[in-house]
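Next come the chains, spelled out residue by residue.
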2 protein chains.
Amino acid sequence: MMHARAPLTGRITLVGAGPGAADLLTVRAVRCLHTADIVFYDRLIDAGVLDLIPAATPRVFVGKEVGAHAWPQARIDAAITAAARMGQHVVRLKSGDPSILGRAGEEIAAARAHGIPVTVIPGITAASAGAARLCQPLTERGMTERVTLATATCRPGQDWAGLDAVAIPGTTIALYMGMLRLPEVTASLRRAGLDDDAPITILSCIETASEARLDTTVGTLVTDVAASGIAHPAVIYITVPQTATAPVSRAMAHSA
Amino acid sequence: MMHARAPLTGRITLVGAGPGAADLLTVRAVRCLHTADIVFYDRLIDAGVLDLIPAATPRVFVGKEVGAHAWPQARIDAAITAAARMGQHVVRLKSGDPSILGRAGEEIAAARAHGIPVTVIPGITAASAGAARLCQPLTERGMTERVTLATATCRPGQDWAGLDAVAIPGTTIALYMGMLRLPEVTASLRRAGLDDDAPITILSCIETASEARLDTTVGTLVTDVAASGIAHPAVIYITVPQTATAPVSRAMAHSA
């Protein structure tokens with residue numbers, strides 16, 4: 001006897017993989033990987049993170065490697081929704097936190113357009129992981145009362161707006177994707193009124209074996225980066241203290 | 001035969017507990033709790049999180065309960081450093097992410113003043129956990145290119161600066177500790193040029209059994225919150241799209 005086949009009901013979970021180290025996923029994220037039928041993953045996902053996926057679970061790399069092209073976002077959207085529509089639990093494993101500078105909105109919209117249930121499991125974003133490594137909180141009572149996570153990327157054909165508007169007193173800026181725009185970062189911070197000796201800290205390859213740190217200033221940013229060889233991916237930390245006209249170093253502020 | 005006793009070398013680890021759910025700690029945080037000799041924990045740490053601490057491990061509540069007083073920060077600093085100086089591995093379990101609006105800097109400075117090694121394990125901050133629950137990313141390509149995590153608390157005797165300077169086009173604001181300053185939030189956003197119908201989403205008690213959501217606007221914030229009974233702790237999400245003179249709703253922007 002034949003039965004009409006009910007529509008298959010798959011689902012999509014966007015999972016934050018954190019900055020790189022396998023033990024910086026949440027417990028919920030690790031458990032989710034064990035229930036996935038298929039995993040689509042980014043570049044910047046360390047091998048140790050992939051080892052958390054059961055060996056029998058298919059995985060698809062959708063990121064970019066040197067000399068190769070990344071999947072366009074639309075192709076990722078199509079692939080994850082197609083798999084979910086076949087009834088699979090699709091895990092979209094994204095570096096960092098899906099909600100922060102991760103284009104999760106497009107994947108959520110694609111799922112919803114097909115009526116596919118979608119959930120998000122948060123991850124540790126690079127700014128937070130880097131602050132922990134540096135033992136330098138993103139807010140410091142009396143010095144900064146907010147943190148702005150910003151990107152130096154922009155859409156094709158657009159100019160980057162710079163940090164002029166966000167480099168206001170009482171702010172820590174954690175700049176993502178900024179290593180290719182360092183002259184613009186410096187110019188922007190000068191326009192915002194920061195002194196050339198205002199401190200900047202860069203942490204690259206956070207929570208990986210290649211992690212590197214550079215302490216520099218607004219005035220020496222470009223030359224120090226070139227001399228050190230520190231490179232993308234990195235978070236650039238800029239502190240604009242409450243007393244913005246005379247920025248103090250983090251060290252001085254700590255002892256105050 | 002008597003030996004001179006070597007100085008005991010304890011250490012302090014600041015551990016992010018995330019927003020409330022026990023499965024939103026990182027794997028590293030959970031493992032760390034198993035190596036602690038003593039745990040000092042905040043309010044807002046759910047019972048499920050405390051269950052991750054081995055039963056034999058002493059734990060000390062340093063937060064505030066209704067009708068009682070929180071430990072002053074200086075007393076917390078003194079307690080954790082005293083325990084570490086007795087050779088213990090002290091875990092300071094803090095809700096959210098220690099690096100974001102958590103006064104971790106004071107605890108790090110106290111440890112360093114005593115020569116005690118200190119490390120930080122990041123946690124999921126409330127803004128990130130809430131965005132995941134809402135399936136509303138904190139940045140949306142073409143609409144927002146940065147997210148600012150801000151607080152409405154300020155030091156005794158100081159006025160809150162408001163959101164005037166941070167409510168700039170292309171920004172999502174995640175406001176912590178804002179539920180007692182709603183009229184000031186509204187006034188501030190109006191001064192920044194937001195229309196009264198600009199959308200605001202509030203998520204309270206994120207990732208707990210009491211979680212509650214309210215969708216409102218700049219103009220109806222105060223009355224809607226009063227009518228709904230939604231209360232602290234909560235994150236207030238405000239989106240200032242690129243086209244700031246005519247804010248579009250998140251729903252409209254999604255379909256664009």
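Residues numbered from 1 in each chain as written. Chains lettered and ligands numbered in written order. Predicted model: local features only at pLDDT ≥ 70, side-chain atom pairs only at ≥ 80, totals over all residues. Heavy atoms only, no water.

Q: How should I be thinking about the overall build of chain A in this particular structure?
A: Per the secondary structure count, chain A includes eight helices and ten strands. Residues classed as buried in chain A amount to 54% of the 256 residues present. Here the analysis covers contacts within chain A between residues at least 6 apart in sequence; of these, 69% occur between residues at least 24 apart. Accessible surface, chain A: about 11000 Å² in total, of which carbon and sulfur atoms supply 56%. (Helix = DSSP H or I, 4+ residues; strand = E, 2+ residues; numbered from the N terminus. Buried < 20%, exposed > 50% of the residue type's maximum accessible area, 1.4 Å probe, protein only. Contact = heavy atoms within 4.5 Å. Areas by Shrake-Rupley, 256 points an atom, 1.4 Å probe, with all protein chains shown as cover.)

Q: I would appreciate a short explanation of the packing of aromatic side chains in the present structure.
A: How two aromatic rings sit relative to each other is given by the distance of their centres and the angle of their planes. Residue and element names in this part refer to chain A. The final tally for this structure, using the stated rule, is two aromatic pairs over all chains. Pairing tyrosine 41 with phenylalanine 61 gives two aromatic rings, centres 5.4 Å apart and planes at 50 degrees, and the pair type is tilted. Of this pair, tyrosine 41 sits in strand 2 (residues 38–41) while phenylalanine 61 sits in strand 3 (residues 59–61), placing them 20 residues apart in sequence. Note on phenylalanine 61: relative accessible area 27%, which makes it partly exposed. (Phe/Tyr/Trp six-rings, centres within 6.5 Å; stacked < 30°, edge-to-face > 60°.)

Q: Would you mind going over the sheet that holds strand 4 (residues 89–94) of chain B with me for this structure?
A: Each strand in a sheet pairs with another by means of backbone hydrogen bonds, the pair being arranged parallel or else antiparallel. All names here are of chain B. Strand order in the open sheet formed by five strands is 3-2-4-1-5, and the pairing between neighbours is parallel. Sheet topology places strand 3 (59–61) and strand 5 (118–121) at the edges, where each strand pairs with a single neighbour. Across the sheet, the axes of successive neighbouring strands diverge by a mean angle of 20 degrees, strand direction being ignored. Against the sheet, helix 3 (residues 73–85) makes contact with strand 1 (11–16), strand 2 (38–41) and strand 4, and its axis sits at roughly 150 degrees relative to strand 4, the strand it touches most. (Pairing = 2+ DSSP bridges. Axes fitted to C-alpha atoms, helices over the stretch in contact; angles between N-to-C directions.)

Q: Can you walk me through the relation of the copies chain B and chain A in this structure?
A: Mapping between the two copies of the chain is achieved by a rotation about an axis and a shift along the axis. After a rotation of 180 degrees and a shift along the axis of 0.0 Å, chain B superposes on chain A with an RMSD of 0.0 Å. The operation mapping one copy onto its partner corresponds to a two-fold rotation axis. Looking at chain B, 100% of its interface residues are interface residues in chain A too, so the copies touch through the same face. (Least-squares fit on C-alpha atoms with pLDDT ≥ 70 in both.)

Q: In this structure, what is going on with the packing of helix 6 (residues 182–191) of chain B against helix 7 (residues 221–228) of chain B? I would like to understand it.
A: Packed helices, taken two at a time, are described by the angle their axes make and the gap between the axes. Residue and element names in this part refer to chain B. Packing of helix 6 against helix 7 brings their axes to within 9 Å, and their N-to-C directions diverge by 150 degrees. Put simply, helix 6 runs roughly antiparallel to helix 7. Here the hand of the crossing between helix 6 and helix 7 comes out right-handed. Contact with helix 6, carried on its side by Leu182, Pro183, Val185 and Thr186, involves Leu221, Val222 and Val225 of helix 7 and no other residues of that element. (Parallel < 35°, antiparallel > 145°, perpendicular 65-115°, else oblique. Left-handed = near helix turned anticlockwise from the far one by under 90°.)

Q: For this particular structure, what's the right way to read the pattern of salt bridges?
A: Pairing between side chains becomes possible if they bear opposite charge and their charged atoms approach one another. A full pass over the atoms with the stated rule returns 24 salt bridges over all chains. A salt bridge links aspartate 23 of chain A to arginine 28 of chain B; the nearest nitrogen and oxygen atoms lie 2.9 Å apart. Placement of aspartate 23 of chain A in the loop between strand 1 (11–16) and helix 1 (27–35) and of arginine 28 of chain B in helix 1 (residues 27–33) is noted, with the two residues assigned to different chains. If you follow the salt bridges from partner to partner, you end up with Asp42, Arg92, Lys94 and Glu107 of chain A in one network. (Salt bridge = Lys/Arg side-chain N within 4 Å of Asp/Glu carboxyl O.)

Q: Is there a simple way to explain the sheet that holds strand 10 (residues 234–240) of chain B in this structure?
A: Spatially, ten strands are ordered 9(A)-8(A)-10(A)-7(A)-6(A)-6(B)-7(B)-10(B)-8(B)-9(B) in an open sheet, and the strand pairing comes out mixed. The open sheet has two edge strands with one neighbour each: strand 9 (212–217) of chain A together with strand 9 (212–217) of chain B. Each neighbouring strand pair of the sheet contributes to a mean axis angle of 20 degrees, computed without reference to strand direction. Direction of pairing for strand 6 (residues 146–151) of chain B relative to strand 7 (residues 171–176) of chain B: parallel, over a ladder of six bridges. What sits directly across from arginine 146 of chain B, in strand 7 of chain B, is threonine 171 of chain B. Contacts from helix 5 (residues 126–134) of chain B reach strand 6, strand 7, strand 8 (199–204), strand 9 and strand 10 of chain B, with the element oriented near 75 degrees to strand 10 of chain B.

Q: Just checking my understanding: could you explain the interface of chain B and chain A for this structure?
A: Interface extent is often summarised as the accessible area lost during association of the parts. Each partner contributes residues to the interface: chain B has 54 residues there, and chain A has 54 residues. For chain B, the biggest contributors to the area lost against chain A are Arg28, Cys135 and Arg141 of chain B; these three give 15% of the whole. The tally of links between chain B and chain A comes to four salt bridges. For the interface between chain B and chain A, the tally reads 19 residue pairs in polar contact (both at pLDDT 80 or more). Within the residue set of the side of chain B that touches chain A, elements represented by two or more residues are helix 1, helix 4 (104–113), strand 5, helix 5 and strand 6 of chain B. Broken down by class, the residue content of the side of chain B that touches chain A amounts to 29 nonpolar, twelve polar and 13 charged. The pairing of strand 6 (residues 146–151) of chain A with strand 6 of chain B spans five bridges and is classified as antiparallel. Opposite arginine 146 of chain A, over in strand 6 of chain B, you have alanine 150 of chain B as the bridge partner. (Buried area = accessible area lost by both parts, 1.4 Å probe. Polar contact = N/O pair within 3.5 Å; in protein donor to acceptor, adjacent residues only side chain to side chain. Nonpolar A, V, L, I, M, F, W, Y, C, P; charged D, E, K, R; others polar.)

Q: Would you mind showing me how to read the side chain of threonine 148 of chain B here?
A: Its location among the elements puts threonine 148 of chain B in strand 6. In this structure the side chain of threonine 148 of chain B is engaged in a polar contact, spanning 2.8 Å, whose partner is the side chain of threonine 148 of chain A. For threonine 148 of chain B, the contacting residues outside a window of four places in its chain are Arg146, Val147 and Thr148 of chain A together with Val166, Thr171, Thr172, Ile173 and Ala174 of chain B.

Q: Mind showing me how you'd approach the packing of helix 3 of chain B against helix 4 of chain B here?
A: All names here are of chain B. It is the contact of helix 3 with helix 4, at a shortest axis distance of 9 Å, that shows an interaxial angle of 40 degrees. On the basis of the axis angle, helix 3 is oblique to helix 4. Taken as a pair, helix 3 and helix 4 cross one another with a handedness that is right-handed. Contacts between helix 3 and helix 4 involve Gln73, Ile76, Asp77, Ile80 and Thr81 from the first element and Glu106, Glu107, Ala110 and Ala111 from the second. When the residues that make up the contact of helix 3 with helix 4 are grouped by side-chain class, the tally is four nonpolar, two polar and three charged.

What is shown is where atoms sit, not what they do.
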